[in-house]
Amino acid sequence: MHYTAATLLPVLLTLLTPTTARLHLNNKRATTLSEPIRGVNLGGWLVTEQWITPSVYDSSSANDEWHLCNEFGKEKCAERLDGHWSSFYTRSDLQDIRAAGLNAVRIPIGYWAVDLEDYEPYVSGQYPYLIRAIQWASSLGLSVLIDLHGAPGSQNGQDNSGLIGPVDFTSNTTNAERSLNVLQNLTAEFSQGMYNGTVIGIELLNEPRLNSGNFTMLDLQDFYAEGAETIQNATVDTAVNVSIHDAFWGPNYWVNYNPTNTGASQPASDLLLDTHQYYAFEPLNNLLHSQILDSVCNISQLLKRPGSGIPSTFVGEWSLETGAPPRAWSSSQDQGDDQTRRTWFRLLAEAQMVAYTPDGPGQASVGWYFWAWKTEYDIDTWSYRRGLSDGWIPADASNTSTYAFPVLENGCVDTTYNYTAPRNPGRSGGGRMSASWILLGAGLIVVHML
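Okay, so let's go over this structure.

Parameters and conventions
Residues numbered from 1 in each chain as written. Predicted model: local features only at pLDDT ≥ 70, side-chain atom pairs only at ≥ 80, totals over all residues. Heavy atoms only, no water. Helix = DSSP H or I, 4+ residues; strand = E, 2+ residues; numbered from the N terminus. Buried < 20%, exposed > 50% of the residue type's maximum accessible area, 1.4 Å probe, protein only. Contact = heavy atoms within 4.5 Å. Patch = residues over 30% accessible without salt bridge, like charges linked within 9 Å, V, L, I, M, F, W, Y side chains within 5 Å. Areas by Shrake-Rupley, 256 points an atom, 1.4 Å probe, with all protein chains shown as cover. Salt bridge = Lys/Arg side-chain N within 4 Å of Asp/Glu carboxyl O. Lys, Arg positive; Asp, Glu negative; His and termini not counted. Charge placed at Lys NZ, Arg CZ, Asp CG, Glu CD. Axes fitted to C-alpha atoms, helices over the stretch in contact; angles between N-to-C directions. Parallel < 35°, antiparallel > 145°, perpendicular 65-115°, else oblique. Left-handed = near helix turned anticlockwise from the far one by under 90°. Disulfide = S-S within 2.5 Å. Phe/Tyr/Trp six-rings, centres within 6.5 Å; stacked < 30°, edge-to-face > 60°.

**Section: the overall build of the chain**
On a plain count of helices and strands, the chain comes out with ten helices and twelve strands. Out of the 450 residues belonging to the chain, those deemed buried represent 59%. For the chain, long-range pairs separated by at least 24 residues make up 76% of all intrachain contacts whose partners lie at least 6 apart in sequence.

Structure below.
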């Protein structure tokens, strides 16, 4: 299947008028960022995850999208998912994102939105919603990073790839070829001039899980080289940056990396490196609060060291969860209105927002994307908008005067500063909920917000 704006025109909204350009564009050179990325992931939307939107998985025993559609059958699954795609993210969500001082969104998508074989239980139909979201983003002044979240065979064996199980991405050459076809399709579409340079990058593969057997670093770098060439060759009008995930090897591993030049002495200029910083998963799930803050400061100093040779790097996923993987209805820390808990959330949020934002020239750091803007039950540690409404995330991410903690000369927040969250949540400038924040999905009510 090959979708384009032209073939999907009957189901798309009229292309919206663009705002003033946010990026410096130069013919077919890759876009360069004119300001730090302060963004959120539109997680659980075009690639579903049961813990983010449990109602999508109602009447099913499935824990991933492959098995959901396999259990429902294509017709029922298409009906269920189309209802989700059309309602979970709307223009009003992007307006709220922009109003929060954010300037970017990262949109995960699975290969099956573009390249779907008959034997696979997945259903397609996501592409029109992706196009519409990018049009909305363009009109609102938001940049977009498209992320290939799920690849054929699964690149990590986790639900976020669409299929829980073995990592079979490299089990045959067809999986890589199909992935390259998806990257070619996305590039050919979204590098067109009518999108006004809104898409600043395409991520080749999300969170690949390497092992010593069938998926090695050499395999990954071979794919990155082919993916980079595919994006470069598929460019139509405005080139997009090639984005790669660090495979949890850390930014330092990728010093002077150029996917198409193994002998490079500096990183590729059109390359963005994605690193994910989580404290909810092993081996960083049992740290003390002080150790977490030290770790955040350490990654800040690494990415802000001028002349490091590390490629331009963004933190593509981070959250406020510590100690435990996500659950659908609440975090391990969601125990009602606890002032100490909210004080900690505010400190952890600002520590990461400051740490992952560049503050000078010559730095590898280019910004961040929180995971995620929302979940169906607005889990406290995973929902940016919940943090806004309850006051543990600053009301305006782009305005540091709305932050509670001062910043030290080393570029990290002063963790010794005497701050205590207000007694009542939502009174520290967290932003006001709209009705759409309370009524979610199929009429579900978020009780803890009422």
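**Digging into a negative patch on the surface**
Negative charge collects at one region of the surface, where Glu177, Asp222, Glu226 and Glu229 lie side by side. With three residues, helix H6 (residues 217-234) is the largest single contributor of residues to the negative patch. When you line up the elements, Glu229 lands in helix H6.

**Considering the packing of helix H5 (residues 173-190) against H6**
How two helices sit against one another is set out by the angle between their axes and by the gap between those axes. Here H5 crosses H6 at 30°, and the two axes come no closer than 8 Å. With respect to their mutual orientation, H5 and H6 come out roughly parallel. For H5 against H6, the interelement crossing comes out right-handed. Packed against H5, whose contacting residues are Ala176, Ser179, Leu180, Leu183, Gln184, Thr187 and Ala188, the element H6 presents Phe223, Glu226, Gly227, Thr230, Ile231 and Ala234 at the interface.

**Structural notes on the state of the cysteines**
Counting across every chain of the model gives two disulfides. Note on cysteine connectivity: Cys69 is disulfide-linked to Cys77, with sulfurs 2.0 Å apart. Across the S-S bond of Cys69 and Cys77 the torsion is about -55°, and the bridge reads as left-handed. For Cys297, the disulfide goes to Cys412, at an S-S distance of 2.1 Å. The sign of the S-S torsion, about 90°, decides the handedness of the disulfide formed by Cys297 and Cys412: right-handed.

**Notes on the packing of aromatic side chains**
A full pass over the atoms with the stated rule returns 28 aromatic pairs. Centre to centre, the rings of Tyr111 and Tyr122 are 5.8 Å apart; their planes meet at 85°, and the pair counts as edge-to-face. Note that Tyr111 is positioned in the loop between strand E4 (104-110) and helix H4 (127-140) and Tyr122 in the loop between E4 and H4, a separation of eleven residues in sequence. Of the residues examined, Tyr111 reaches a relative accessible area of 2% and is grouped as buried. Residue classification places Tyr122 among the buried residues on the basis of a relative accessible area of 1%. Measuring from centroid to centroid gives 5.5 Å for Trp318 and Trp368, while their planes differ by 80°, and the two rings are edge-to-face. Of this pair, Trp318 sits in strand E9 (residues 312-322) while Trp368 sits in strand E10 (residues 365-370), and the two are 50 residues apart along the sequence. The burial state of Trp318 is the same as that of Trp368; both residues are buried. Cluster of aromatic residues (ring-pair linked, three or more members): Trp318, Tyr356, Trp368, Phe370, Trp373 and Tyr384.

That's the geometry; what it means functionally is another story.
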